Amino acid sequence: MSKRDIVIAGYSETAIAFKSGRSAYDLAGEALAKLLAATGLEKDAIDGLAVTAPLSETPNPFFAVYMCEALGLAPDWLNYGGTGGCSATGGVARAASAIRDGLCEVVVVLSSDAPSTSWKANYGAYRPEFQDPQGVQGPPATFGLLMSRYHHQFGIKSEALGKIAVTQRQHALHNDNAYAKFKTPITMADYEKSRVIADPLKLLDCVMFCDGANAFLVTSEATAKKLGLKKMVYPTAYAEVTNFNGNQSCPDITETGFSKIGPKVFKQSGLTPRDIKMFQPYDDFTIAVMIQFEDFGFCKRGQGSDYTINTDLSITGELPLNTGGGQISAGQPGLASGGLNLAEAVRQMFGEGGGRQIANPKNALVTGIGVIPFARNWGTSAAMILEA
Amino acid sequence: MADDKQGRPIPKPSTYVDTAAFWDGAKNGKLMLQYCKDTGQFQHYPKPVSIFTGSRNLEWRESSGKGTVYACTVIRVPGPGLDGRLPLSVVTVELDEKVRIIGNVLNADPDSVKIGQRVELAWDRISDDVQYPAFNIVEDGKAA
């Protein structure tokens with residue numbers, strides 16, 4: 001990517017709600033309307049759309065087409081993202097390629113989901129025969145297995161994971177979009193006594209499925225200026241990998257795809273971990289955040305606990321972390337999740353962080369994670385660097 | 001469903017790939033796993049091709065059922081198919097054939113299961129005529 005020709009020139013988010021009673025279409029409509037209001041863009045200027053496969057509508061293979069109908073859009077380019085929490089950053093990257101190829105000029109990357117209102121997904125495949133009988137239905141059990149292995153190999157200090165949970169909760173207090181029930185501070189003692197879901201995973205290590213949507217305006221710098229758009233950030237690096245180590249029967253499950261793509265995005269952008277002004281990592285579970293500190297080179301492999309404990313991760317700290325509370329403390333809007341971390345990065349870089357604004361938002365590292373497979377690390381890893 | 005034990009669904013074979021050998025084996029107390037004939041490696045769960053080569057030159061071979069706990073957790077919160085099973089010990093076992101499988105530990109207090117413990121194949125009865133591979137912890141060369 002590394003070129004400064006494509007920009008994110010607008011973003012919007014709905015509030016995160018639990019059992020909102022609304023659909024992915026309705027939430028998407030709110031996100032689109034807010035994006036148009038924020039940017040002054042005419043709807044019919046949009047000629048590209050990237051959407052994310054939502055848990056709440058996945059039985060419909062034509063969800064993306066239905067979304068165009070719902071929103072009155074007639075795009076020349078349509079992308080249907082199926083990498084879960086990587087679909088938002090992945091959508092921006094794919095939009096950039098499509099714009100460079102001349103397929104479209106003005107793209108909206110739109111993610112919306114309402115799994116706490118209506119869960120319709122069925123992962124099917126091998127799971128009914130080879131994973132469900134053992135009782136491993138959801139990510140918590142799989143993350144319990146992953147954490148146990150990480151602890152065995154490197155050791156986990158509970159106060160490190162607790163610090164991630166407490167810090168992000170503190171940040172969510174300044175986030176008007178965060179799920180209302182999460183807008184109370186938590187202490188390390190609350191973390192320590194929160195109940196165990198799947199050893200050693202605790203309740204306060206986990207996200208909660210909610211409903212919500214987010215949208216991004218992606219176009220070329222030239223078109224953005226022509227449209228009179230003033231605020232823009234440049235996605236200068238992007239990389240993703242799916243089914244990392246997937247051609248091995250016994251890979252080290254503590255090794256993630258980020259170990260491969262982290263160096264790639266730094267190389268593309270010419271930045272180093274020390275240059276990063278804020279880290280907005282995909283945070284389905286606290287351990288995923290800690291492992292990402294290692295894989296992106298903020299510390300060495302296996303030193304995630306000590307790094308977490310010794311680093312100020314607050315909005316005024318050396319590496320501001322998930323400054324809107326992340327998914328863990330703002331609520332996870334289903335598979336629109338990856339857009340939450342991305343929206344926070346863009347908001348900060350636009351200087352619109354309000355009570356949680358960081359001082360020098362000249363770049364951001366944003367990541368995504370998609371699905372937890374059988375006895376492996378996570379399925380897709382994606383990373384994007386934004387620069388002012 | 002009268003056949004259900006503790007509300008656990010009975011898996012329907014061969015919905016993803018042909019797994020008749022796995023289920024026939026289970027009926028006879030044998031753990032049958034997919035084996036790539038080109039590379040001499042096992043893979044699990046079963047796939048439509050070898051994950052090593054992409055070919056369909058696969059066969060089913062019996063596993064010794066002996067292995068080592070690679071990762072472990074204890075599920076403590078209710079969910080589908082978990083009625084009456086909590087706390088539930090779940091382990092990723094690295095079988096001696098160098099392939100991993102997720103299973104439940106049947107013979108030990110879930111809190112006592114640890115990475116590195118040796119395990120051997122055991123069978124978890126899901127219904128009167130369906131049993132599913134699970135594991136027992138082995139101590140000093142014999143079942144605990």
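The rules behind these values
- Residues numbered from 1 in each chain as written.
- Chains lettered and ligands numbered in written order.
- Predicted model: local features only at pLDDT ≥ 70, side-chain atom pairs only at ≥ 80, totals over all residues.
- Contact = placed C-beta atoms within 7 Å.
- Helix = DSSP H or I, 4+ residues; strand = E, 2+ residues; numbered from the N terminus.
- Nonpolar A, V, L, I, M, F, W, Y, C, P; charged D, E, K, R; others polar.
- Buried ≥ 20, exposed ≤ 12 C-beta atoms within 10 Å, placed from the backbone.
- Pairing = 2+ DSSP bridges.
- Domains from an automatic or database assignment.
- Core = buried A, V, L, I, M, F, W, Y, C linked by C-beta atoms within 7 Å.
- Axes fitted to C-alpha atoms, helices over the stretch in contact; angles between N-to-C directions.
- Right-handed = clockwise from strand over helix to strand, strands pointing away.

## Topic: the interface of chain B and chain A
Contacts between the two partners involve 40 residues from chain B and, on the opposite side, 31 residues from chain A. At six residues, the largest contribution of residues to the side of chain B that touches chain A is made by strand β4 (residues 67–75) of chain B. Split into classes, the residues belonging to the side of chain B that touches chain A amount to 23 nonpolar, 10 polar and seven charged.

## Points about the pairing of strand β10 (residues 363–370) of chain A
All names here are of chain A. Of all eight residues that make up β10, eight are buried, and the element is covered over most of its length. Neither face of β10 is open: one carries Asn363, Leu365, Thr367 and Ile369, the other Ala364, Val366, Gly368 and Gly370, and all of them are buried. Relative to strand β11 (residues 380–387), β10 runs antiparallel, the two being bridged by eight bridges. The partner of glycine 368 across the bridge, within β11, is alanine 382.

## Focus on the domain arrangement of chain A
All names here are of chain A. Along its sequence, chain A is carved into domain 1 (6–121 + 210–226) and domain 2 (134–209 + 235–387). Taken over C-alpha atoms, the centre of domain 1 sits 23 Å from the centre of domain 2. Taken together, the residues of the side of domain 1 that touches domain 2 sort by class into 20 nonpolar, 13 polar and three charged.

## Looking at the environment of Asn60(A)
Turning to its location among the elements, Asn60(A) is positioned in the loop between β2 (48–52) and α2 (63–71). Separated by 89 residues in the primary sequence, Asn60(A) and Arg149(A) place their C-alpha atoms 37 Å from one another.

## A look at the nonpolar core
Residues and elements named next belong to chain A. Judged by nonpolar contacts, the single largest core of 150 residues is most densely connected at Ile8, Val107 and Val109. For this core, the leading source of residues is helix α3 (residues 87–100), giving seven residues. When we break this core down by domain, the ones giving at least three residues each are domain 1 (6–121 + 210–226) and domain 2 (134–209 + 235–387). Those residues in contact with isoleucine 8 that sit more than four places away from it in its chain are Val92, Phe216, Leu217, Val218, Met232, Val233, Pro235 and Val346.

## As for the sheet that holds strand β9 (residues 279–280) of chain A
Residues and elements named next belong to chain A. Overall, mixed pairing links the four strands, which are arranged β8-β11-β10-β9 in an open sheet. The open sheet has two edge strands, β8 (234–242) and β9, and neither has a second partner. Against the sheet, helix α13 (residues 337–349) contacts β9, β10 and β11, and its axis sits at roughly 175° relative to β10.

## Digging into the sheet that holds strand β3 (residues 58–62) of chain B
Backbone-to-backbone hydrogen bonds join strands into a sheet, with any given pair of strands oriented parallel or antiparallel. All names here are of chain B. Pairing in this open sheet of three strands is antiparallel, and the strands run β2-β1-β3 from one edge to the other. With partners counted over all chains shown, the strands left at the sheet margins are β2 (41–43) and β3, one partner each. Between one strand axis and the next, the sheet turns through 45° on average, direction left out of account. Summarising the sheet, strand β1 (residues 32–36) and β3 pair through five bridges and their orientation is antiparallel. By the bridge assignment for β3, tyrosine 35 is matched with glutamate 59.

## Considerations on the pairing of β2(A)
The side chains of a regular strand alternate, residue by residue, between the two faces of the sheet. All names here are of chain A. For β2, a buried count of five out of five residues is recorded, marking the element as mostly surrounded by other parts of the structure. In β2, alternate side chains face the same way, and those of Gly48, Ala50 and Thr52 on one face and Leu49 and Val51 on the other are all buried. For β2 and strand β3 (residues 77–81), the ladder comprises five bridges, and the chain directions are parallel. If you follow glycine 48 over to β3, its bridge partner there is tryptophan 77. In this fold, the crossover linking β2 to β3 by way of α2 has right-handed handedness. Examined bridge by bridge, β2 and strand β4 (residues 106–113) share four bridges and lie parallel to one another. Directly across from alanine 50, in β4, lies its bridge partner valine 109.

## Quick word on unusual backbone geometry
Residues apart from glycine generally show negative phi values, whereas peptide bonds are mostly found in trans. For the bond from Asp199(A) to Pro200(A), the omega torsion is -5°, close enough to zero to count as cis. With respect to the element layout, Pro200(A) can be found in the loop between β5 (196–198) and β6 (201–202). Positioned with a positive phi, Lys98(B) is a non-glycine residue whose angle comes to about 65°. In this fold, Lys98(B) is placed in the loop between β5 (88–95) and β6 (99–104).

## With respect to the environment of Gly79(B)
Its place among the elements puts Gly79(B) in the loop between β4 and β5. Taking the number of C-beta atoms within 10 Å as the measure of exposure, Gly79(B) has 16 and is therefore partly exposed. Aside from chain neighbours lying at most four places away, what touches Gly79(B) is Gln137(A) and Gly138(A).

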